[in-house]
Amino acid sequence: MTQAEPGPLRSITQTLVAVACLAAADVSAQDAPVWLERMNKAVEQLNYRGTFVHMHAGIAETLHIVHGFDSGRVSERLLSMDGAGREIIRNGNEVKCIFPDKRMVLLEPARELSPLVSSLPSYSEELEPHYEFELIKSVRVLQRMTQVIGITPRDRFRYGYRLWLDEATAMPLKTQMRDENNELIEQILFTDFENLDAVPAEALLATIDTQGFTEFHGSKHSSLPGAEVAWRADIVPGGFQLSAAKRSSLAGSEYPVDHLVYTDGLATVSVFIEDPKAKAEVEDGFSTVGSINAFSLTLDGRKVTAVGEVPRQTVQMIASSLTKH
Amino acid sequence: MTNRIQDQVSAFVDDELSTEECRFFVRRLARDVEARSQLIRYATIGAALRGEVFHPDPEILRRRLQGAMDGAQPAEAVPSQLGSRARRNVFKPLAGIAIAASVAVVAIALSRPGNDGGVTDSVALQAQSQLQELELDGLPSYVVPPESAEQRIVSPELRLTNYLVRHGEYASGIGRTVVHSNVMIHTADDADTPADGDPE
């Protein structure tokens, strides 16, 4: 039996099918960043409350979140339902961290979040050499349809993510952070989520009585006047760029600290350079706080610490390559 | 560090132990390195607080130290001239830290190998003398002279927490939630600091 020669109509059909398949694959790849943009807007600009379980290293903790957005102003209350019952409250320009177990309150100026000057990372083509994005499938989470997005790093200097985004709101109802071997590092899973029209003011108030607690205040200004940060990291992983350089004071310290922020658009690393007179006794070497890595060393009598939700080698590389320009 | 030791240290600092429990705790300090180091850490945090508000109630200090060192029955609490209960509560933990520092010094002196009674007595006498000075002072509260800037020590756990909170402000929306969650859950003072230097 010989195969019939394809006629002109059949040839056109095959070509159209092939083009459609290619287009679908391309749309799928392009859709992932679009979903991520939607997600970033959702977590900032929606009004919502919910309860989520944070899992790391076999430990599960429950937290409650209330988030409000009004006229470009973000308010948020994050409450730990387990352990010491810590609370973090963002009220416009201030972030208040309440540690009842330490009888301590940290007050830090919030970074200004404006819908016009967005702080959100932009998912540009510049990310493509460093991450692979894929739209995986639709699944049901919390009785809502979610779109699963995969973000896989192409090198060992950043973590990967798997996100379950609510198809209606793009809120991440489930988030997994994975290392370069695709091993699960951390997972955040909402157990209930409610999208609100507005957040009642009382829902954003602290529930802990802080009378008698010691308060530590950070600088009221985002950057001290006349401050110019001369330090820069000479070696950073591909795609990381300096996005902020500020001098300000941290809560509990009277000396200014230089703060550099490097980001590849997805992962962020902060570098803190202490004043030589400040005795910030962070030990040299690696530290970990949950899934966050930190690396400290002493340079020219200054304590330098890099922190970020990135692998250890990344914070080490950035901190170690710091020089004064 | 077991929870029990932490609880004891915390209760001691918060002035929640009875005189008998306090005496027992001081004896424990003399032989328990872990408890002592925890107490010293509290005292270090107290040092970091200097220069902020630091007005411990001398009556609490006198009562607790006296009870701890010579076994005397604590005197009835003299109503503070500061008056309000709220104010007392504000300074209670700070007073506890001051006591912790003082008692830690006594405990270390007591536990030092080869220490003779003379040295121990000397430390106790010195502490008693300080107490008398406080009493003679007759003031409702005392203020620890602010240390010079060069002397200020910021405890590492506070500083690392500071870094994370500030860092979280620059993370993306979901990144900030991740950072804040970790600050909430993984206390900065139990941050794991492995000794090895190589990441791989």
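Owing to the predicted nature of the structure, the values given are computational and were not obtained by experimental measurement. (Residues numbered from 1 in each chain as written. Chains lettered and ligands numbered in written order. Predicted model: local features only at pLDDT ≥ 70, side-chain atom pairs only at ≥ 80, totals over all residues. Heavy atoms only, no water.)

Caption draft 1: Spatial organisation of the overall build of chain B. Helices and strands together make up the secondary structure of chain B, namely eight helices and zero strands. The secondary structure elements of chain B, listed N-terminal to C-terminal, are α-α-α-α-α-α-α-α. Counting every position in chain B, which comprises 200 residues, the buried fraction comes to 48%. Taking all contacts inside chain B whose residues are at least 6 apart in sequence as the whole, residues at least 24 apart take part in 74%. When the accessible surface of chain B is split by element, carbon and sulfur atoms take 52% of a total near 9,300 Å². (Helix = DSSP H or I, 4+ residues; strand = E, 2+ residues; numbered from the N terminus. Buried < 20%, exposed > 50% of the residue type's maximum accessible area, 1.4 Å probe, protein only. Contact = heavy atoms within 4.5 Å. Areas by Shrake-Rupley, 256 points an atom, 1.4 Å probe, with all protein chains shown as cover.)

Caption draft 2: Spatial organisation of the overall build of chain A. Along chain A, the regular secondary structure elements total two helices and 20 strands. Within chain A, the fraction of its 325 residues that count as buried is 54%. Element-wise, carbon and sulfur atoms account for 51% of the exposed surface of chain A, whose accessible area totals about 15,100 Å².

Caption draft 3: Geometry of the sheet that holds strand S4 (residues 87–91) of chain A. Residue and element names in this part refer to chain A. Strand order in the open sheet formed by 12 strands is S7-S8-S9-S10-S11-S1-S2-S3-S4-S5-S6-S12, and the pairing between neighbours is mixed. Strands at the two margins of the open sheet, each flanked by one partner only, are strand S7 (131–141) and strand S12 (214–217). With direction set aside, neighbouring strand axes in the sheet form an average angle of 15°. The pairing of strand S6 (residues 104–109) with S12 spans four bridges and is classified as parallel. Looking at the pairing, Val 105 lines up with Glu 215 of S12. (Pairing = 2+ DSSP bridges. Axes fitted to C-alpha atoms, helices over the stretch in contact; angles between N-to-C directions.)

Caption draft 4: Broad picture of the sheet that holds strand S19 (residues 302–308) of chain A. Residues and elements named next belong to chain A. Overall, antiparallel pairing links the six strands, which are arranged S14-S15-S16-S19-S18-S17 in an open sheet. Each of the sheet's edge strands pairs with one partner strand only, and the pair in question is strand S14 (241–249) and strand S17 (285–289). Strand-to-strand twist across the sheet, computed as the mean angle between neighbouring axes with direction ignored, equals 20°. The pairing of S14 with strand S15 (residues 256–263) spans eight bridges and is antiparallel.

Caption draft 5: Layout of a negative patch on the surface. On the surface, a cluster of negative charge is made up of A:Glu125, A:Glu126, A:Glu128, A:Glu132 and A:Glu134. With respect to the helices and strands, the residue A:Glu128 is situated in the loop between S6 and S7. (Patch = residues over 30% accessible without salt bridge, like charges linked within 9 Å, V, L, I, M, F, W, Y side chains within 5 Å. Salt bridge = Lys/Arg side-chain N within 4 Å of Asp/Glu carboxyl O. Lys, Arg positive; Asp, Glu negative; His and termini not counted. Charge placed at Lys NZ, Arg CZ, Asp CG, Glu CD.)

Caption draft 6: Geometry of the pairing of strand S16 (residues 268–274) of chain A. Residue and element names in this part refer to chain A. The element S16 is extensively covered by neighbouring structure, given that seven of its seven residues are classed as buried. Taking every second residue as pointing to the same face, both faces of S16 are buried, with Thr 268, Ser 270, Phe 272 and Glu 274 on one and Val 269, Val 271 and Ile 273 on the other. Inspection of the sheet shows S15 paired to S16 by seven bridges, in the antiparallel sense. In the strand pairing of S16, Val 257 is matched with Glu 274. Connecting S15 to the antiparallel partner S16 that follows it, the hairpin turn spans four residues, and Gly 265 within it adopts a positive phi of roughly 100°.

Caption draft 7: Examining the environment of A:Leu46 more closely. Residues and elements named next belong to chain A. Along the chain, Leu 46 turns up in the loop between helix H1 (8–45) and strand S1 (47–56). With 28 residues separating them in the primary sequence, Leu 46 and Val 74 have C-alpha atoms 9.6 Å apart. Here Leu 46 is in contact with Lys 41, His 67, Gly 68, Phe 69, Thr 169, Met 171 and Asn 195, once residues within four sequence places are set aside.

Caption draft 8: Just the pattern of salt bridges, in detail. Counted under the stated rule, the structure contains 12 salt bridges over all chains. Note that A:Glu108 and B:Arg166 form a salt bridge whose closest N and O atoms lie 2.5 Å from each other. With A:Glu108 in strand S6 and B:Arg166 in helix H7 (residues 156–168), this pair bridges two chains. With a shortest N-O distance of 2.6 Å, A:Arg247 and A:Asp258 are connected by a salt bridge. Of this pair, A:Arg247 sits in strand S14 while A:Asp258 sits in strand S15; the two residues are 11 residues apart in sequence, bridging distant segments of the chain. According to the relative accessible area criterion, A:Asp258 is buried, its value standing at 3%. Shared partners join several salt bridges into a network, and the residues in it are A:Asp155, A:Arg158 and A:Asp264.

Caption draft 9: Inspection of the confidence of the model for chain A at higher detail. Residue and element names in this part refer to chain A. For chain A, mean pLDDT is 84; residues scoring 70 or higher make up 84% of the total. Low pLDDT, under 50, characterises residues 1–6; the predicted model gives this stretch zero contacts beyond four residues in sequence or across chains. Here residues 20–27 is modelled with pLDDT under 50, and outside its nearest four sequence neighbours on either side it reaches zero contacts, counting other chains as well. (pLDDT = per-residue confidence, 0-100.)

Caption draft 10: How the structure looks around the confidence of the model for chain B. Residues and elements named next belong to chain B. Confidence along chain B averages 52 in pLDDT terms, with 24% of residues attaining 70 or more. For the stretch residues 104–153, pLDDT sits under 50, and the model shows 65 contacts to residues farther than four places along the chain or on other chains. Note on residues 190–200: pLDDT is under 50 here. Beyond four places in sequence and across chains, it has 24 contacts. Both confidence scores are given for the complex: pTM 0.62, ipTM 0.82.

Caption draft 11: Expanded view of the environment of A:Thr323. Residues and elements named next belong to chain A. As for its placement among the helices and strands, Thr 323 is situated in strand S20 (residues 322–324). Between the C-alpha atom of Thr 323 and that of Asp 234, which follows or precedes it by 89 residues, the distance is 6.9 Å. With residues near it in sequence (within four places) discarded, Thr 323 still touches Ala 230, Trp 231, Arg 232 and Asp 234. A distance of 3.2 Å separates polar atoms of two side chains, one belonging to Thr 323 and the other to His 325. (Polar contact = N/O pair within 3.5 Å; in protein donor to acceptor, adjacent residues only side chain to side chain.)

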